[in-house]
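Chain residues, written in single-letter form:
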Amino acid sequence: MIAIVDYDAGNIKSVEKALQYLGEEPVVTRDAGILNQADKVIVPGVGAFGEAMGKMCQYDLVDVLRNIAARETPILGICLGLHLFFQSSEESTGVEGLSLLPGRIVKIPDQEGIKIPHMGWNSIQINPKSKLFQGIPQDSYVYFVHSYYLRAERPEDVAATTNYVVNIHAAAEHGNVFATQFHPEKSGEVGLQILKNFIDF
């Protein structure tokens, strides 16, 4: 059973629909009992870091998700979900993330002629050792919507990068913890294959 974590963030429905398209029957829930029984857990999201962590605390999800990750259940963060998996974000100073992986979220720097938020299709450079991107060609295009990006602390955790003003860590993975800054559920056949790879772990 695949569980999608419901913490009042945006974009949950489109992830649910993508999984249904792949033949899965995901459960959207914030119930700790159901989440603890799940074979895979997905934390999607669009929104602000501080508000999202506030909801995580309100719904008693922080320890639940940390324990799920510690038990080596495969867990995937998407967009805001990726941000929450790390330690902190410049978007919300003083707010601690889930700290599933070491690193921080920083603002894309302003550059004349470049629009922020970064919205649109960018090619990604894939770490050949990545499990999440098995079978995905180098320089595949995926869909981004974000103003903040990941700086992972450990280079070996970076599963894919892209360039938008700066070099952006576009995906991360370590053991059973996976995260993408882009939206696989909005990235066509490439995105569906990434989700299928996660389902098949």
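Residues numbered from 1 in each chain as written. Predicted model: local features only at pLDDT ≥ 70, side-chain atom pairs only at ≥ 80, totals over all residues. Heavy atoms only, no water.

A.B. asks: Mind showing me how you'd approach the layout of surface pockets here?
C.D. replies: In this approach the atoms are scanned with a rolling probe the size of a water molecule, which exposes any empty space left behind. One number sums up the size of the largest pocket: a volume of about 150 Å³. When residues of the lining of the largest pocket are traced back to their parent elements, those giving at least two are α5 (80-85) and β9 (141-146). Of the residues belonging to the lining of the largest pocket, the class tally is 6 nonpolar, 5 polar and 1 charged. (1 Å grid on protein atoms, 1.4 Å probe; cavity = no way out; pocket = protein on both sides within 12 Å on 5 of 7 lines; lining within 4 Å. Points joined across faces, edges and corners; volume = space filled by probe spheres on them. Helix = DSSP H or I, 4+ residues; strand = E, 2+ residues; numbered from the N terminus. Nonpolar A, V, L, I, M, F, W, Y, C, P; charged D, E, K, R; others polar.)

A.B. asks: Explain the environment of Gly120 to me, please; I cannot follow it from the model alone.
C.D. replies: Examined against the element boundaries, Gly120 turns out to sit in strand β7 (residues 118-123). For Gly120, a relative accessible area of 13% translates into the label buried. In this structure the C-alpha to C-alpha distance between Gly120 and Glu72, which are 48 residues apart in sequence, comes to 33 Å. In this structure Gly120 touches Val142, Tyr143 and Phe144, once residues within four positions along its chain are discounted. (Buried < 20%, exposed > 50% of the residue type's maximum accessible area, 1.4 Å probe, protein only. Contact = heavy atoms within 4.5 Å.)

A.B. asks: Quick question: what am I supposed to make of the pairing of strand β12 (residues 166-174) here?
C.D. replies: Moving residue by residue along a regular strand, the side chains alternate between the two faces of the sheet. Bridge count between strand β11 (residues 158-164) and β12: 6 bridges; the pairing is antiparallel. What sits directly across from Thr161, in β12, is His169. The antiparallel pairing of β12 with strand β13 (residues 177-180) creates a hairpin that spans 2 residues between the two strands, and Gly175 there sits at a positive phi of about 65°. (Pairing = 2+ DSSP bridges.)

A.B. asks: When you look at the packing of aromatic side chains in this model, what are you seeing that I'm missing?
C.D. replies: To describe a pair of aromatic rings, one takes the distance between the centres and the angle between the planes. Per the stated rule, a full pass over the model turns up 6 aromatic pairs. Arranged with centres 6.2 Å apart and planes meeting at 50°, the rings of Phe133 and Phe182 form a pair that is tilted. Residue Phe133 is located in the loop between β8 (125-126) and β9, and its partner Phe182 is located in the loop between β13 and α6 (188-200); the two are separated by 49 residues in the primary sequence. Judged on exposure class, the residue Phe133 and its partner Phe182 are both buried. When the centroid spacing of 6.1 Å and the interplanar angle of 75° are considered together, the rings of Phe178 and Phe198 count as edge-to-face. (Phe/Tyr/Trp six-rings, centres within 6.5 Å; stacked < 30°, edge-to-face > 60°.)

A.B. asks: Please clarify how the pattern of salt bridges should be interpreted in this entry.
C.D. replies: Side-chain pairs of opposite charge can arise where the charged atoms are in close proximity. Per the stated rule, a full pass over the model turns up 8 salt bridges. The shortest N-O distance in the salt bridge between Asp8 and Lys55 comes to 3.4 Å. Placement of Asp8 in the loop between β1 (2-5) and α1 (12-21) and of Lys55 in helix α3 (residues 49-58) is noted, with a sequence separation of 47 residues between them. Each of Asp6, Asp8, Arg30 and Lys55 takes part in salt bridges that share partners, so that together they form one network. (Salt bridge = Lys/Arg side-chain N within 4 Å of Asp/Glu carboxyl O.)

A.B. asks: Would you explain α3 in this entry?
C.D. replies: Side chains that are three or four residues apart share a direction in an α-helix, a result of its 3.6 residues per turn. Those residues of α3 not exposed but buried are Phe49, Ala52, Met53 and Met56. In a view along the axis of α3, the buried residues occupy a sector of 95°, so they form one face of it. The exposed residues of α3 that point more than 90 degrees off its buried face are Glu51 and Gln58. Where α3 is buried, its residues contact β3 (40-43), α4 (62-70), α5 and β5 (88-89). Phi turns positive, to about 55°, at Asp60, one or two residues after α3. (Arc of directions from axis to C-beta.)

A.B. asks: In this structure, what is going on with the environment of Ala32? I would like to understand it.
C.D. replies: Counting through the fold element by element, Ala32 comes out in helix α2 (residues 32-37). Residue classification places Ala32 among the partly exposed residues on the basis of a relative accessible area of 32%.

A.B. asks: Mind showing me how you'd approach the side chain of Asn11 here?
C.D. replies: Here Asn11 lies in the loop between β1 and α1. Among the polar contacts made by the side chain of Asn11, one reaches the side chain of Glu185 at a distance of 2.3 Å. Discounting chain neighbours no more than four positions away, the residues touching Asn11 are Pro44, Val46, His183, Glu185 and Lys186. (Polar contact = N/O pair within 3.5 Å; in protein donor to acceptor, adjacent residues only side chain to side chain.)

A.B. asks: Whenever I open this one, the state of the cysteines confuses me. Can you help?
C.D. replies: Disulfide: a covalent bond formed between the sulfur atoms of two cysteine residues. For the structure on display, the rule yields 0 disulfides. Of all cysteine sulfurs in the structure, the one in Cys79 sits closest to Cys57, which takes part in no disulfide; the separation is 20 Å. (Disulfide = S-S within 2.5 Å.)

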